[in-house]
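Understanding the architecture of this molecule
Below, each chain spelled out in residue letters.
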There are 2 protein chains.
Amino acid sequence: MDERKVGSLRLTLDFSQPLYEQILAQMRSLIARGAIDVGEKIPSVREMAHELKINPNTVMHAYQELERDGLTEKRRGQGTFVTESVTQIRHFKERLAFDYSDQFLDKMHSLGFRWTEIQSFLTTTREKKGER
Amino acid sequence: MDERKVGSLRLTLDFSQPLYEQILAQMRSLIARGAIDVGEKIPSVREMAHELKINPNTVMHAYQELERDGLTEKRRGQGTFVTESVTQIRHFKERLAFDYSDQFLDKMHSLGFRWTEIQSFLTTTREKKGER
DNA sequence: CAAGTGTATTATACCATATGATACACTTGG
DNA sequence: CCAAGTGTATCATATGGTATAATACACTTG
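The structure reproduced in this document is the subject of the present report. Predicted model, so just to flag it, every value in this text is computed and none were measured.

A look at the sheet that holds strand E4 (residues 72-75) of chain B
Residues and elements named next belong to chain B. One open sheet accounts for 3 strands, arranged E3-E5-E4; its pairing is antiparallel. A single partner strand is all that each edge strand has here, and the edge strands are strand E3 (41-42) and E4. In this structure, E4 lies alongside strand E5 (residues 79-82), joined through 4 bridges in antiparallel fashion. From the neighbouring strand, Lys74 faces E5, where its bridge partner is Thr80. This element, helix H3 (residues 56-68), spans E3, E4 and E5 of the sheet and lies at about 115 degrees to E4.

Re the protein's contact with DNA strand C
Neighbouring residues of DNA strand C: 24 residues in total, closest Arg46 of chain A together with Pro18, Leu19, Asn57 and Arg76 of chain B. The share of sugar and phosphate among atoms of DNA strand C within 4 Å of the protein is 65%. Asn55 of chain B places a main-chain nitrogen or oxygen 3.0 Å from a phosphate oxygen of DNA strand C. In this structure, a sugar or linking oxygen belonging to DNA strand C sits 3.3 Å away from a main-chain N or O atom of Arg76 of chain B. Breaking the surface near DNA strand C down by element, the ones donating at least two residues are helix H2 (45-52), helix H3 (56-68) and strand E5 (79-82) of chain A together with helix H1 (19-33) and H3 of chain B.

Section: the sheet that holds E5 of chain A
Residues and elements named next belong to chain A. In spatial order, the strands read E3-E5-E4; together these 3 strands make up an open sheet with antiparallel pairing. At either margin of the open sheet sits one strand with a lone partner, and together these are strand E3 (41-42) and strand E4 (72-75). Helix-sheet contacts for H3 involve E3, E4 and E5, and the interaxial angle to E4 is about 115 degrees.

A look at the protein's contact with DNA strand D
What surrounds DNA strand D is a group of 24 residues, the closest being Leu19, Asn57 and Arg76 of chain A together with Arg46 and Lys74 of chain B. Taking Asn55 of chain A, its main chain carries an N or O atom lying 2.9 Å from a phosphate oxygen of DNA strand D. A distance of 3.0 Å separates a phosphate oxygen of DNA strand D from a polar atom in the side chain of Thr58 of chain A. Residue classes in the surface near DNA strand D are distributed as 6 nonpolar, 12 polar and 6 charged.

Rules behind the numbers
Residues numbered from 1 in each chain as written. Chains lettered and ligands numbered in written order. Predicted model: local features only at pLDDT ≥ 70, side-chain atom pairs only at ≥ 80, totals over all residues. Heavy atoms only, no water. Pairing = 2+ DSSP bridges. Helix = DSSP H or I, 4+ residues; strand = E, 2+ residues; numbered from the N terminus. Contact = heavy atoms within 4.5 Å. Axes fitted to C-alpha atoms, helices over the stretch in contact; angles between N-to-C directions. Near = heavy atom within 4 Å. Polar contact = N/O pair within 3.5 Å; in protein donor to acceptor, adjacent residues only side chain to side chain. Nonpolar A, V, L, I, M, F, W, Y, C, P; charged D, E, K, R; others polar.

This is the structure:
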């Protein structure tokens, strides 16, 4: 687990998953949570690659996915910026949240659990996390 | 999406994920749900491979994970059997359910959602699935 | 116009996944 | 006993995703 600062951001990479997926997931979260402001510039491909000590192509891979998500806009010669559209970000968050919910329910159902049991697991898990 | 019958089981394989992971997930579900009885014999490595038209080594990979899960026991010369221990199966289900719950909550939190919002997404998703 | 952007291309390397072929150890039914 | 069916192991090979490295191009700004 390696934590590095890139500009004002904190990114953590390990080797358990593809690097570009980790960058993608963490940037998505930062934008969704508002940790990076609307319209704000994010680190350039080269800067991010240098700070994380990885290849620029790997960062590019993540950044292209971010744009496909509608979370960023690129301006040639200037850099990559978080979209100005709050609506866009809200839609992305909702879409992802529903995807996660759907996948979660599918997995629980495949194990044979029903709604009340699923609720029970969730509240128990929440209490455990709260204790930490 | 290719659906095939292997003995009394129905397995569905595609090329979106590793084959052995798909077999593993579906066998886990079948055992957890009780679709395969406690102590029952499951298809041999060779039979499963033949019916699914894949390599025996790939099936082996999935079967070895099943045993690591504590869901199956192997008997040389006889075959692979679902464990006799109902406790073992129950523990496996609970462990996996808590894992899923934990991961789900983490993802939702990373998007910036709180408990009441998470509950809301879940109930909405559940209603959508019910309509189908 | 130099420096900093995103982008594209090519080559190389590594690892997980999957296949194919073959062989061994064990158990059971005929 | 032995043939057939089990799980298991070991090769070799192929493919695709991921990551690196080096280089070049197009664009924007100070």
